[in-house]
Amino acid sequence: MSKKILVITGDFAEDYEVMVPVQVLQIQGYEVDVVCPDKKADGTIQTAVHDFAPEYQFFVETKGHVYHLNKAFDEVKVEEYLGLYLPGGRAPEYLRYNKKVMEMVEYFLKNKKPVCAVCHALLLLAQKPCDAYIKDKNITCFPSVRSEVECAGVKYNSKDEAVTDGNIVTGQSYMSHVPMLQQFLKVLEAAK
């Protein structure tokens, strides 16, 4: 069985939500392809860092790292992958309107392959046609996207940093990495 994981992301994705999970998956022996629409294998994305400072009413966004992609988006064959990981940050806000991205995400959901989405990446799962696959699922996400995700008919869990429901693992933010990635690795192992 394939040990390949697909990561779909874009400019201004959350820095930690791209870098840390990719490294953890690689440490566990997975081959990870990080792609972005309209970008080649030698392309880059600009990440963003979101800090949760108590003196502000909302998070602060600053420039993160330049992240180097390792596969061209147009070369992805989704059937070659065991699972899908979707980072949050700003990228999901516009990626959800890309038809090819949504077809790729739907493929994993429809075929009940492992999917992990964190923070704002739940916007991709709540977008048509993917919303049909998360209806009645227990999920979590960053609180500011809760209402959009609830409109997709999910059971929102605000208590747990990470939640698994079947093949879908969700996390609230990069601060949820430990429980979220532990759960995702279990789902991936069961899918092999």
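This is a predicted model, so every value here is computed, not measured.

Draft legend 1. Local environment of the overall build of the chain. Within the chain, the regular secondary structure consists of seven helices and ten strands. For 192 residues, the compact-globule estimate of 2.2 N^0.38 gives 16 Å, and the chain sits close to it at 15 Å. Burial status across the chain gives 55% buried among its 192 residues. Sequence separation of 24 or more characterises 70% of the internal contacts of the chain that already satisfy a separation of 6 or more. Accessible surface computed for the chain: about 9,000 Å², of which carbon and sulfur atoms make up 51%. Averaging the coordinates of the 22 positive side-chain charges in the chain and doing the same for the 26 negative ones gives two points 6 Å apart.

Draft legend 2. Looking closely at the packing of helix 1 (residues 15-27) against helix 7 (residues 177-191). Contact geometry of helix 1 with helix 7 gives a least axis separation of 11 Å together with a crossing angle of 45°. On the basis of their axis angle, the class for helix 1 and helix 7 is oblique. Our pair here, helix 1 against helix 7, has a crossing hand that is right-handed. Along its contact with helix 1, which presents Y16, E17, V20, P21, V24 and L25, the element helix 7 presents H177, L181, F184, L185 and L188. Of the residues contributing to the contact of helix 1 with helix 7, the split by class is nine nonpolar, one polar and one charged.

Draft legend 3. Just the pattern of salt bridges, in detail. Per the counting criterion, the structure on display carries eleven salt bridges. R90 is the salt-bridge partner of E61, the closest N and O atoms lying 3.6 Å from each other. Of this pair, E61 sits in strand 4 (residues 60-68) while R90 is found in the loop between strand 5 (83-86) and helix 2 (91-95), placing the two residues 29 residues apart along the sequence. Residue classification places E61 among the partly exposed positions, given a relative accessible area of 35%. You can call R90 partly exposed: its relative accessible area is 36%. For E93, the salt bridge is made with R90, and the minimal N-O distance between the two is 3.1 Å.

Draft legend 4. Molecular detail of the nonpolar core. Counting residues in hydrophobic clusters, the biggest one holds 64 residues, and the most contacted among them are L6, I8, L86, V105 and L125. Apart from residues lying up to four places away in sequence, I8 is in contact with V35, L84, Y85, L86, P87, L95, V101, M104 and V105.

Draft legend 5. Here's a closer look at the sheet that holds strand 10 (residues 168-171). The strand order across the open sheet built from six strands is 2-1-5-6-10-9, with neighbouring strands paired in mixed fashion. Strand pairing shows two members of the sheet lacking a second neighbour, strand 2 (31-35) and strand 9 (162-165), which therefore form its edges. Across this sheet, the average inter-strand angle for adjacent strands is 15°, counted without regard to direction. Taken together, the three bridges between strand 5 and strand 6 (residues 115-118) define a ladder with parallel strand orientation. Bridged to L86 within strand 6 is A117. Of the strands in this sheet, strand 1 (4-8), strand 2, strand 5 and strand 6 touch helix 1, which is tilted by about 155° from strand 2.

Thresholds applied
- Throughout, residues of each chain are indexed from 1 in the direction in which the sequence is written.
- pLDDT decides what is reported in this predicted model: residues at 70 or higher carry local features, side-chain atom pairs at 80 or more are listed and counted, and totals for whole chains, interfaces and linings draw on all residues regardless.
- Side-chain measures were taken over the full set of non-hydrogen atoms in the model, leaving aside hydrogen atoms and water.
- Here a helix means four or more residues in a row that DSSP labels H or I, a strand means two or more in a row labelled E, and each is numbered from the N terminus.
- Within these notes, the globule rule equals 2.2 Å times the number of residues to the 0.38 power, and the radius of gyration is based on C-alpha atoms.
- Whether a residue is buried, partly exposed or exposed follows from its accessible area with a 1.4 Å probe, protein chains only, as a fraction of its type maximum: under 20%, in between, or over 50%, in that order.
- Residues count as neighbours in contact if any of their non-hydrogen atoms are within 4.5 Å of one another.
- Surface accessibility in these figures is a Shrake-Rupley result with a 1.4 Å probe; residues are shielded only by whichever protein chains are displayed.
- For this count, His and the chain ends are skipped, Lys and Arg are scored as positive, and Asp and Glu as negative.
- Positions of charges follow a simple convention, taking NZ of Lys, CZ of Arg, CG of Asp or CD of Glu.
- Between N-to-C directions, angles cover 0 to 180 degrees, with each direction set by a line fitted to C-alpha atoms, over the stretch in contact for helices.
- Roughly parallel covers angles under 35 degrees, roughly antiparallel covers those over 145, roughly perpendicular covers 65 to 115, and oblique covers all other angles.
- By definition, any crossing whose near helix is turned counterclockwise from its far helix by less than a right angle is left-handed, and any crossing with a clockwise turn is right-handed.
- All amino acids are sorted into three groups, where Ala, Val, Leu, Ile, Met, Phe, Trp, Tyr, Cys and Pro are nonpolar, Asp, Glu, Lys and Arg are charged, and the leftover types, Gly among them, are polar.
- Salt bridge, as used here, is a side-chain nitrogen of Lys or Arg placed within 4 Å of a carboxyl oxygen of Asp or Glu.
- The nonpolar core is taken to be a set of buried Ala, Val, Leu, Ile, Met, Phe, Trp, Tyr and Cys residues, with the residues joined through side-chain atoms within 4.5 Å.
- By this definition, two strands are paired if DSSP reports at least two bridges between them.

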